[in-house]
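# Structural overview
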Amino acid sequence: MKLKFTKMHGAGNDFVVIDAIHQDIDFSSAQWRQLGDRRFGVGADQILVVERPTQAGCDFRYRIFNSDGGEVEQCGNGSRAFVRFVSEKGLTDKRSIRVQTMAGIIEPRLEDDGSVTVDMGAPVLEPAAVPFDSSGLAGQPEGRDTLWPLDLRLDNAGHTVLVSAVSMGNPHAVQVVDDVDTAPVAELGPQIERHPRFPKRVNAGFMQVVERGHVRLRVYERGAGETLACGTGACAAVVAGIRRGLLDSPVRVSARGGELSIAWAGEGQPVYLSGPAVTVFEGEIAI
C-alpha cells in the first residue's frame, strides 16, 4: 500500500507520524521495522500513530512503535510531535487535548510560542510497578530515593552501577555520571536495557548534574538504542535527581539534540515536560 507520513522531531528524537484516522493501518512488526529502518525505509527512533480514541473523554488514541517493530507504552518527545501534527493537519482546533496511550491519559498543550507542554502524569516509584525486581537486593537510601545495584560488565571486568528505578508510563533506570561525554553508554546501555531485573526491558539514563537546575543527559532507549533526546527519560532523570536531593524544579535538561524543560512538585504530582516539536518533511512510501 501507499502510506502517507510526516517526518518530525523533538530535540533530535525523530519520528515518522501516521494519520491512521484517514488511512487503514494494520502492519506487522516487520513492516514497522521496515518503516523505521534508516537505510531501507524512512528511518526514525519511533513511529507514532494517530487513531480515533476507544476511551470516552479522549480526543485521540496515540500508539508508539520503536524502530525494532515493538509497540511501547509512552514517548514524551513523541507526544509533543503528536499534538503539533494533529493541529497542523486540522484534526483538531483545540490547543490542549486529552490523548489515550497504552500507559494512560496524557494532556499535551500547544503553547503560543510554538513549544508544547505535556502533563505526563505522576511518576511510578514502587519498584514492582516500574517493573523492577528488587528481590534479594540491598538498596542504598539517598535522600527520598533508593538506589539499586546492577551487576554489569565493563572492559571485560565486573562492574556495578547504582540506579534509580522510575516509570513514566515506561520503565527507566537512571544513574548519575561525572561526565556524559565520557560515560560508557554504548557498552553499558544494552546491558541495562536487557538486565533480567527489568522484565519488560528498560531505558537506561546517564545523567550529569551541572547545577541544581541543569543536567546533561544521554539515554539508551529500549528498542531504539541511544537517541538524541528522550522525553520520558528526561522526566525520569529529573524525578530521580529531585528525590536524591540533587536538583530543584524546574530543571533544564540538555540532550545531544536540544533542550527540554522539566517541572515536578514532588510525590503524587504530575511531571510537566516542555520543549520543541518540529515538522521536517512529508512523504509517501510503498510498504
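Scroll up for the structure.
Residues numbered from 1 in each chain as written. Predicted model: local features only at pLDDT ≥ 70, side-chain atom pairs only at ≥ 80, totals over all residues. Heavy atoms only, no water.

## Overview of the overall build of the protein chain
- A tally of regular secondary structure across the protein chain gives four helices and 19 strands.
- For the protein chain, the C-alpha atoms occupy an extent of roughly 50 × 40 × 35 Å along the three principal directions.
- For the protein chain, the residues scored as buried account for 53% of the 287 residues in total.
- Considering only contacts in the protein chain between residues 6 or more positions apart, those separated by 24 or more positions represent 61%.
- Total accessible area computed for the protein chain in this model is approximately 11900 Å², and 46% of it derives from carbon and sulfur atoms.
- For the protein chain, the distance from the average position of its 30 positive side-chain charges to the average position of its 37 negative side-chain charges is 2 Å. (Helix = DSSP H or I, 4+ residues; strand = E, 2+ residues; numbered from the N terminus. Buried < 20%, exposed > 50% of the residue type's maximum accessible area, 1.4 Å probe, protein only. Contact = heavy atoms within 4.5 Å. Areas by Shrake-Rupley, 256 points an atom, 1.4 Å probe, with all protein chains shown as cover. Lys, Arg positive; Asp, Glu negative; His and termini not counted. Charge placed at Lys NZ, Arg CZ, Asp CG, Glu CD.)

## Examining the pattern of salt bridges
- A full pass over the atoms with the stated rule returns 27 salt bridges.
- Among the salt bridges present, the one from Glu226 reaches Arg218, with a minimum N-O distance of 2.7 Å. (Salt bridge = Lys/Arg side-chain N within 4 Å of Asp/Glu carboxyl O.)

## Looking at empty space enclosed by the protein
- Enumeration over the complete set of coordinates arrives at two cavities of 30 Å³ or more.
- Residue lining of the largest cavity: Gln46, Ile64, Asn66, Val72, Gln74, Cys75, Asn170, Asn203, Glu221, Arg222 and Thr232, and that is the complete set.
- Empty space within the second largest cavity amounts to approximately 40 Å³.
- For the second largest cavity, the full set of lining residues is Leu217, Arg218, Val219, Thr227, Leu228, Ala229, Cys230 and Ala255.
- If you tally residues by element for the lining of the second largest cavity, the top one is strand β14 (residues 214-221), at three residues. (1 Å grid on protein atoms, 1.4 Å probe; cavity = no way out; pocket = protein on both sides within 12 Å on 5 of 7 lines; lining within 4 Å. Points joined across faces, edges and corners; volume = space filled by probe spheres on them.)

## A closer look at the packing of aromatic side chains
- Under the defined criterion, the tally for this structure stands at seven aromatic pairs.
- Members of the aromatic cluster, each reached through a chain of ring pairs, are Phe27, Trp32 and Phe65. (Phe/Tyr/Trp six-rings, centres within 6.5 Å; stacked < 30°, edge-to-face > 60°.)

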